[in-house]
Amino acid sequence: MPSPAVVAPPLPVSIMAIAAHPDDIEFWCAGTLIQAIAAGASARLLLVTSGDKGSSDPAAISTVISRQREAEALAAADLLGIADVKFLRYPDGEVENTHALRGDLVYWIRQWRPAVLFTHDPEHPLPAYLSHRDHRTVGRAALDAVYPLARDRLSFPEHEAAGLKPHAVGDVWLFASSVADSFVDINASLDQKIAARLKHTSQTSDPAALRESWMTRANEIGAAFGVPAEAFTVLRHH
Ligand SMILES: [Zn+2]
């Protein structure tokens, strides 16, 4: 395993992020995406669930929550400069690594053809034990989709019939990883990352406290390097 190091964001390439919930990318990788986009990368986001369990309001209804959270995700993506967002609308908290989910992930990988893919670390999640099962499941399904399914034309051959070609993803950047080896200095993008997170108003009770805790967290992640950071395990293609 390489020793932990500060690395540059992926520049300027086609990026795709696959996340379980509407606010996951803000939490784990938005600071890095902002810098990549500023340097000319394009980034697209595939959200597996619309976070329909994300409310403690006793009157809340899942269909209403998911509609609100999708609107928040679009507003946040707009602020981040994300070019496209697609919602797969699997049930929050109940995602399984099924043929159907893998087919959806492969479809969008073949459609968007990313050089670099961001997703959850399924094998060494952070936190190690009480991690969200959707995070682990989505990360695992995303890696299954990258290799070998999206690459091989005879996997999901209906895509070829629909005009899509197979696609080999390059590097994979795993976030929410307990064995992260690659740290991106997000000093230049931390304010914008937090501003994007604050677009998720249904998930925000105290914006000032959130801003404070997110600045503290970024500084803790990058403490070894003296910078606020996001952390990744990067699977290099070569
Ligand atoms: Zn999540």
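Just so you know, these numbers come straight off a predicted model, no measurement behind them. The residue numbering used here restarts from 1 in each chain and proceeds along that chain's sequence as written. Under the rules for a predicted model, residues below a pLDDT of 70 receive no local features and side-chain atom pairs below 80 are neither given nor counted, while totals for whole chains, interfaces and linings still include all residues. In computing side-chain values, all of the structure's heavy atoms are included and hydrogens and water are not.

**Observations regarding the coordination of the zinc ion**
Right, on to step 1. Note on the zinc ion: its protein donors are His 21 (ND1), Asp 24 (OD) and His 135 (NE2). The metal-donor distances range over 2.0 to 2.1 Å.
Right, on to step 2. Here the donor residues of the zinc ion are spaced in sequence according to H-x2-D-x110-H. Highlighted residues: His 21 in the loop between β2 (14-19) and α1 (24-28) and His 135 in helix α5 (residues 133-149), separated in sequence by 114 residues. Each member of the pair, His 21 as well as His 135, carries the same accessibility label: buried. Donor atoms are limited to N, O and S found within 2.8 Å of the metal ion, a distance that becomes 3.2 Å for Na, K and Ca. With water left out, some sites might look partial. Counting from the N terminus, the helices are the DSSP runs of H or I reaching at least four residues and the strands are the DSSP runs of E reaching at least two. Burial here depends on accessible area, computed with a 1.4 Å probe over protein chains only, as a share of the maximum for the residue type. Under 20% is buried, over 50% is exposed, and the range in between is partly exposed.

**Considering the packing of aromatic side chains**
Right, on to step 1. Each pair of aromatic rings taken from Phe, Tyr and Trp, with Trp reduced to its six-membered ring, is defined by centres within 6.5 Å and is described as stacked if the planes are under 30 degrees apart, edge-to-face if over 60, and tilted in the remaining cases. All chains considered together, the criterion is met by 8 aromatic pairs.
Right, on to step 2. Both rings, one in Trp 108 and one in Trp 112, keep their centres 5.0 Å apart while their planes meet at 50°; by these two values the pair is tilted. Within this pair, Trp 108 and its partner Trp 112 are both found in helix α4 (residues 99-112), separated by 4 residues, close to a single helical turn.
Right, on to step 3. For Trp 112, a relative accessible area of 10% gives the class buried.
Right, on to step 4. Ring centres of Phe 183 and Phe 225 lie 5.2 Å apart, and the angle between their planes is 50°; on these two criteria the pair is classed as tilted. Remark: Phe 225 occurs in the loop between α8 (207-221) and β8 (229-235) and Phe 183 occurs in strand β7 (residues 182-185); sequence separation between them is 42 residues.
Right, on to step 5. Assessed through its relative accessible area of 12%, Phe 183 is described here as buried.
Right, on to step 6. Every member of this aromatic cluster is reached through a ring pair, and the members are Phe 27, Trp 28 and Trp 214.
Right, on to step 7. The aromatic ring of Phe 27 is capped on one face by Arg 217, whose charged end is 3.6 Å from the ring centroid. Whether a charge lies above a ring is judged from NZ of Lys or CZ of Arg, which has to be within 6 Å of the ring centre and within 35 degrees of the ring normal.

**Details of the packing of helix α7 (residues 190-197) against α8**
Right, on to step 1. Every axis corresponds to a line fitted to the C-alpha atoms, with the helix fit spanning only the stretch in contact, and the corresponding angles, defined between N-to-C directions, vary from 0 to 180 degrees. Contact pair α7 / α8: the axes reach a minimum separation of 11 Å and the direction vectors enclose 135°. Classed by the angle they form, the pair α7 and α8 counts as oblique. At the point where α7 passes α8, the crossing takes the right-handed sense. Across the interface between the two elements, Leu 190, Asp 191, Lys 193, Ile 194 and Arg 197 from α7 touch Leu 210, Arg 211, Trp 214, Met 215, Arg 217 and Ala 218 from α8.
Right, on to step 2. For this scheme, ten residues count as nonpolar: Ala, Val, Leu, Ile, Met, Phe, Trp, Tyr, Cys and Pro. Four count as charged, namely Asp, Glu, Lys and Arg, and the remainder, Gly too, count as polar. The class makeup of the residues in the contact of α7 with α8 is 6 nonpolar, no polar and 5 charged. Under this scheme an angle from 65 to 115 degrees is roughly perpendicular, one under 35 degrees roughly parallel, and one over 145 degrees roughly antiparallel; angles in between are oblique. Note on convention: near helix rotated counterclockwise from far helix by under a right angle means a left-handed crossing. Clockwise means right-handed. The contact criterion used throughout is that any non-hydrogen atoms of two residues lie within 4.5 Å.

**Describing the sheet that holds strand β4 (residues 84-90)**
Right, on to step 1. The strand order β1-β7-β8-β6-β5-β2-β3-β4 describes an open sheet built from 8 strands, whose pairing is mixed. Single-partner strands in this sheet number two, and they are β1 (5-6) and β4.
Right, on to step 2. Lying over the sheet, helix α2 (residues 30-38) contacts β2, β3 (42-49), β5 (116-120), β6 (171-175), β7 and β8, oriented at roughly 80° with respect to β8.
Right, on to step 3. Of the strands in this sheet, β2, β3, β5, β6 and β8 touch α5, which is tilted by about 150° from β5. For two strands to be treated as a pair, DSSP must find no fewer than two bridges joining them.

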